[in-house]
Amino acid sequence: MNPYEVLGIDKNNFDEKELKKKYKKLCVKYHPDKFATKSEEEQKEAEEKFKEINEAYQVLSDPDKKRQYDQFGDVNAR
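## Here's the deal with the overall build of the protein chain
Broken down by element type, the protein chain carries four helices and zero strands. Ordered by position from the N terminus, the helices and strands of the protein chain form the series α-α-α-α. Across its three principal axes, the protein chain shows a C-alpha extent of roughly 40 × 25 × 15 Å. Split into buried and exposed, the 78 residues of the protein chain put 27% on the buried side. Counting only carbon and sulfur atoms, one obtains 45% of the accessible surface of the protein chain, whose full area is about 5,800 Å². Across the protein chain, 17 positive and 18 negative side-chain charges occur, with their mean positions spaced 6 Å apart.

This is the structure:
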């Protein structure tokens, strides 16, 4: 997972305000409650996308995790 791609953020022009704005917009779009009346498959896809969005935000909103991802391409690499 590339958190920049997931959130639609330009790595070279990273901006905290833009990060929050894109995160909130994607959360609203893929929130599982919006898919309650959709098919099971659509619900599952939305849930997975919602989790991916949250994971990406957790990486980019934490300076240490962001630095580690930028350096190694993985927040779990050491």
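After that view, the rundown keeps rolling.
## Brief notes about the nonpolar core
Ranked by internal contacts, the top residues of the largest apolar core, which has 15 residues, are L7, L19, I53 and L60. Going through the elements one at a time, α1 (3-7), α2 (16-30) and α3 (40-61) are the ones with two or more residues in this core. Top element by residues in this core is α3. It accounts for six residues. With near-sequence residues (within four places) excluded, I53 lies in contact with V6, L7, Y23, L26, C27 and Y30.

## Some remarks on α3
Between its first and last C-alpha atoms α3 spans 31 Å; for 22 residues at 1.5 Å apiece the expected length is 32 Å, and the two agree. Buried-residue contacts for α3 involve α1, α2 and α4 (63-72).

## Structural notes on the pattern of salt bridges
One pass over the full model with this rule turns up six salt bridges. The partner of D70 in a salt bridge is K11, and the shortest N-O contact between them spans 4.0 Å. With D70 in helix α4 and K11 in the loop between α1 and α2, the pair connects residues that are 59 residues apart, well separated along the chain. Classification of D70 as partly exposed rests on a relative accessible area of 29%. Sharing partners across several salt bridges, the network here consists of K11, K66 and D70.

Cut-offs applied
- Residues numbered from 1 in each chain as written.
- Predicted model: local features only at pLDDT ≥ 70, side-chain atom pairs only at ≥ 80, totals over all residues.
- Heavy atoms only, no water.
- Helix = DSSP H or I, 4+ residues; strand = E, 2+ residues; numbered from the N terminus.
- Buried < 20%, exposed > 50% of the residue type's maximum accessible area, 1.4 Å probe, protein only.
- Areas by Shrake-Rupley, 256 points an atom, 1.4 Å probe, with all protein chains shown as cover.
- Lys, Arg positive; Asp, Glu negative; His and termini not counted.
- Charge placed at Lys NZ, Arg CZ, Asp CG, Glu CD.
- Core = buried A, V, L, I, M, F, W, Y, C linked by side-chain atoms within 4.5 Å.
- Contact = heavy atoms within 4.5 Å.
- Expected span 1.5 Å × (residues − 1).
- Salt bridge = Lys/Arg side-chain N within 4 Å of Asp/Glu carboxyl O.

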